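# Observations on chain architecture
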Amino acid sequence: MAEAQIIKIEDAPVFARGNGVETTLLVGAERCEGARITTGITRFPSGQKVPMHSHNCDEQVTLLEGAAEVEIDGRRTPVKPYDTTFIPRDKPHRFINVGDGR
């Protein structure tokens, strides 16, 4: 059985993903034994995106600030702060910063 954990932001690893995009991993199988979902904080400079990708687990994303689009199944959908997505494992997707700021 997995243990409960408290994730301190200062202890979370930050991954450079290219073009100024950075992800802080909060929950994922690498950090939390038994986790079947991944979540973190990703910061995108204006106009940037990550390539289409998928994960070996489900992913939850909540937009915290700015303006973005999420692309799933060839369809782009605008998202605004506090809109949340659930993306099943192995589902190709990406997020695009369509706003003026980070």
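See above for the structure.
The text that follows walks through the structure, step by step, so that each part is easy to find. Nothing here was measured: the structure is a model prediction, and the numbers come from that model. (Residues numbered from 1 in each chain as written. Predicted model: local features only at pLDDT ≥ 70, side-chain atom pairs only at ≥ 80, totals over all residues. Heavy atoms only, no water.)

### Notes on the side chain of Thr23
Heads up, the rule is: Secondary structure elements follow DSSP: runs of H or I of four or more residues count as helices, runs of E of two or more count as strands, with numbering from the N terminus. Think of a polar contact as two N or O atoms within 3.5 Å of one another; within protein, one of them needs to be a possible hydrogen donor and the other a possible acceptor, and neighboring residues in sequence only count if both atoms come from side chains.
Within the secondary structure, Thr23 is located in strand β2 (residues 21–27). There is a polar contact of 2.7 Å between the side chain of Thr23 and the side chain of Thr42.

### Some words on the pattern of salt bridges
As a working rule, side chains carrying opposite charge can pair if their charged atoms are close by. For the record, the criterion: By convention in these notes, a salt bridge is any Lys or Arg side-chain nitrogen within 4 Å of a carboxyl oxygen on Asp or Glu. Note on classification: 1.4 Å probe, protein chains only; a residue is buried when its accessible area is under 20% of the maximum for its type, exposed when over 50%, partly exposed between these limits.
Tallied over the full model, the rule gives seven salt bridges. A salt bridge links Arg76 to Glu71, with the shortest nitrogen-to-oxygen separation between them at 3.5 Å. Residue Arg76 is classed as partly exposed on the basis of its relative accessible area of 42%. Residues Lys80 and Asp83 are paired through a salt bridge, measuring 3.2 Å at the closest nitrogen-oxygen approach.

### Remarks on the pairing of strand β4 (residues 58–62)
For clarity, the threshold we go by: When DSSP locates at least two bridges between a pair of strands, those strands are taken to pair.
Burial along β4 is one-sided: the residues Glu59 and Val61 are buried and none of Asp58, Gln60 and Thr62 is. Strand direction decides the pairing type here: strand β3 (residues 37–43) and β4, joined by two bridges, are parallel. Looking at the pairing, Thr38 lines up with Glu59 of β4. Two strands pair when backbone bridges link them, and β4 and strand β7 (residues 84–87) are joined in this way by four bridges, in the antiparallel orientation. Counterpart to Glu59 in the pairing with β7 is Ile87.

### A short note on the environment of Ala2
Filter applied, for reference: In this description, contact between two residues means that some pair of their heavy atoms is separated by no more than 4.5 Å.
Note that Ala2 resides in the segment before β1 (14–18). For the pair Ala2 and Thr38, spaced 36 residues apart in sequence, the C-alpha to C-alpha distance is 15 Å. Dropping the residues within four chain positions of it, Ala2 is found in contact with Glu33 and Gly34.

### Some thoughts on the sheet that holds strand β8 (residues 93–97)
Rule in force here: Axis angles are defined between N-to-C directions and span 0 to 180 degrees, where every axis is a line fitted to C-alpha atoms and, for a helix, only to the segment in contact.
The strand order across the open sheet formed by three strands is β6-β5-β8, and the pairing between neighbours is antiparallel. Of all the strands in the sheet, just β6 (75–79) and β8 have a single pairing partner and so form its edges. Strand-to-strand twist of the sheet, defined as the mean angle between neighbouring strand axes without regard to direction, takes the value 25 degrees. Both strand β5 (residues 68–72) and β8 contribute to a ladder of five bridges, which runs antiparallel. Within β8, the residue paired with Val70 across the bridge is Phe95.

### A look at the sheet that holds β2
Judged by pairing direction, the sheet is mixed, and its five strands sit side by side in the order β1-β2-β3-β4-β7 without closing on themselves. Strands at the two margins of the open sheet, each flanked by one partner only, are β1 and β7. Mean inter-strand twist for the sheet, computed between neighbouring axes without regard to direction, equals 30 degrees.

Spatial relationships are all this shows, so hold off on functional conclusions.
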